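# Working through the structure, step by step
Spelled out from the first residue to the last, the chains are:
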Amino acid sequence: MTSNKNAHQVNSSTGERQEARQTGGTDTWPRPEAGAGWRPPVACQYCGSGSLASWLDRVRDHLEYVPGSWAMLRCRDCGSVQLSPMPSEDKVAELYPPVYSFRTDLDAGGRIRRLISRAEEAAFYRILHKRETGTIRRHTGLAGGNLLDVGCGTGDRLARFSRTGFSVRGLEIQPDLVRYVRQTRGFAVDAGTLDSVFYPAASFDMVTIYYVIEHLLDVGKVLWRIHSMLKPGGWVVAEVPLADSCQSLTLRTRWSQYSEAPRHVSIPSREGIRRALTVSGFEEVSILPATMMNCAAAFALSVIPAANTGRSYARSGVLRHLPRAAGGLVTLLYCPAAALENYGARRPAFGLVLARKPGEYNESSKRATNQAGRGSAGAAS
Ligand SMILES: [Zn+2]
């Protein structure tokens, strides 16, 4: 259920880390020192304000992979949250465990575990993707066109959008996932990041970027790149955890989106992501609640950290799936509460953020828009 796609292969064999891990679980873990690949944040990633106030302290990695503790600073202007200290660019790769994102071939060696992961995919991930694709199509009016999924993971979203008429392409940083999506699913995937792969200006009708923004060291740069890659009238669709959610405010250091430190380096508020998109040239910014099940899963991972992909799938033995199963059960039980958070308090754990690049719709978008609006156009004439 860990949802990031921006993971890296890791050299986890350093003596330094082994030693640090052996002393883990106590209150003596120090905060990383500035200067050793870590630096204090100087400004809010989302609104640019330099007014950052202490908010949370002693946030630890719930995967128990990176030793240490971090602080979370809160922007006084937009309410977004920033990790402190932040990793430098060359430090980031060390922070990701070898098994990080969910995928069905995680357990290629074990038949029972493979069956469990397949069941999980069918009961959780496929339903999520189906619902969200429908919401996105209704909101944007787009029924086709060129789509790029940044951080495409196992290609589930590519498959869903492809089925609904889009011409899809993926971008993924993990080489084994790139191979998997190319060979097993047959989609075009580029290996790398938006920094390393070139896409011509105005080449996509839609760019989707799910659970990646909170990992970025420079959010603004990536939003500008996406803006340039989109055709006029094209859409960016992002899914992000939200710092002003009920779960953020009540669970605090235990919230799974903060304890994903130091891989999550910032969490936007709704105001923060809105401002970042607007400054990057987007308009018509909407922030909808993500699916209830997704938001409930964030709660479940907060109370049962061992249910994380990086912990339950990283070790051998069927028993390792018990916390995962408990996490699934808590997710289901928490769904009514997530509904209250999303639609009662209107403070969802995750936001589905949609924004449009100004300009005239291109041809494929026009067709979709005409089809969607045919009824009202007829009534007006
Ligand atoms: Zn801010």
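Residues numbered from 1 in each chain as written. Predicted model: local features only at pLDDT ≥ 70, side-chain atom pairs only at ≥ 80, totals over all residues.

### Topic: the sheet that holds strand β3 (residues 70-75)
For clarity, the cut-off: Two strands are counted as paired when DSSP detects at least two bridges linking them. Counting from the N terminus, the helices are the DSSP runs of H or I reaching at least four residues and the strands are the DSSP runs of E reaching at least two.
Judged by pairing direction, the sheet is antiparallel, and its 4 strands sit side by side in the order β2-β3-β4-β11 without closing on themselves. The outermost strands of the open sheet, each flanked by one partner alone, are β2 (52-59) and β11 (266-267).

### Digging into the pairing of strand β13 (residues 350-356)
If a strand is regular, its side chains alternate between the two faces of the sheet. In plain terms, the rule: With C-beta atoms placed from the backbone, a residue is buried if 20 or more other C-beta atoms are within 10 Å of its own, exposed if 12 or fewer are, and partly exposed between those counts.
With 6 of 7 residues buried, β13 lies mostly within the body of the structure. Summarising the sheet, strand β10 (residues 230-241) and β13 pair through 7 bridges and their orientation is antiparallel. Each bridged residue has a counterpart across the sheet, and for A238 the counterpart in β13 is V353. Pairing of strand β12 (residues 283-289) with β13, which is carried by 5 bridges, proceeds in the antiparallel orientation.

### What to know about the pairing of β10
Quick note on the threshold: Handedness rule for crossovers: strands pointing away from the viewer, path from the first strand over the helix to the second running clockwise, crossover right-handed.
Burial runs high along β10: 10 of the 12 residues are buried. Examined bridge by bridge, strand β9 (residues 204-210) and β10 share 6 bridges and lie parallel to one another. By the bridge assignment, M206 is partnered in β10 with W235. The β-α-β motif built from β9, the intervening helix α5 (residues 219-229) and the parallel element β10 has right-handed crossover chirality.

### Notes on unusual backbone geometry
In this model, S84 is joined to P85 through a cis peptide bond whose omega is 0 degrees. Tracing the backbone shows P85 in the loop between β4 (81-84) and β5 (86-87). At the junction of A261 and P262, the peptide bond is cis and its omega measures out at 0 degrees in the coordinates. Here P262 lies in the loop between α6 (246-251) and β11. Backbone geometry at R58 places phi at a positive 55 degrees, although glycine is not the residue there. C-beta crowding within 10 Å serves as the criterion here: with 12 such atoms nearby, R58 is assigned to the exposed category. For R346, which is not a glycine, the phi torsion comes out positive at approximately 55 degrees. Tracing the sequence through the fold places R346 in the loop between α10 (322-344) and β13.

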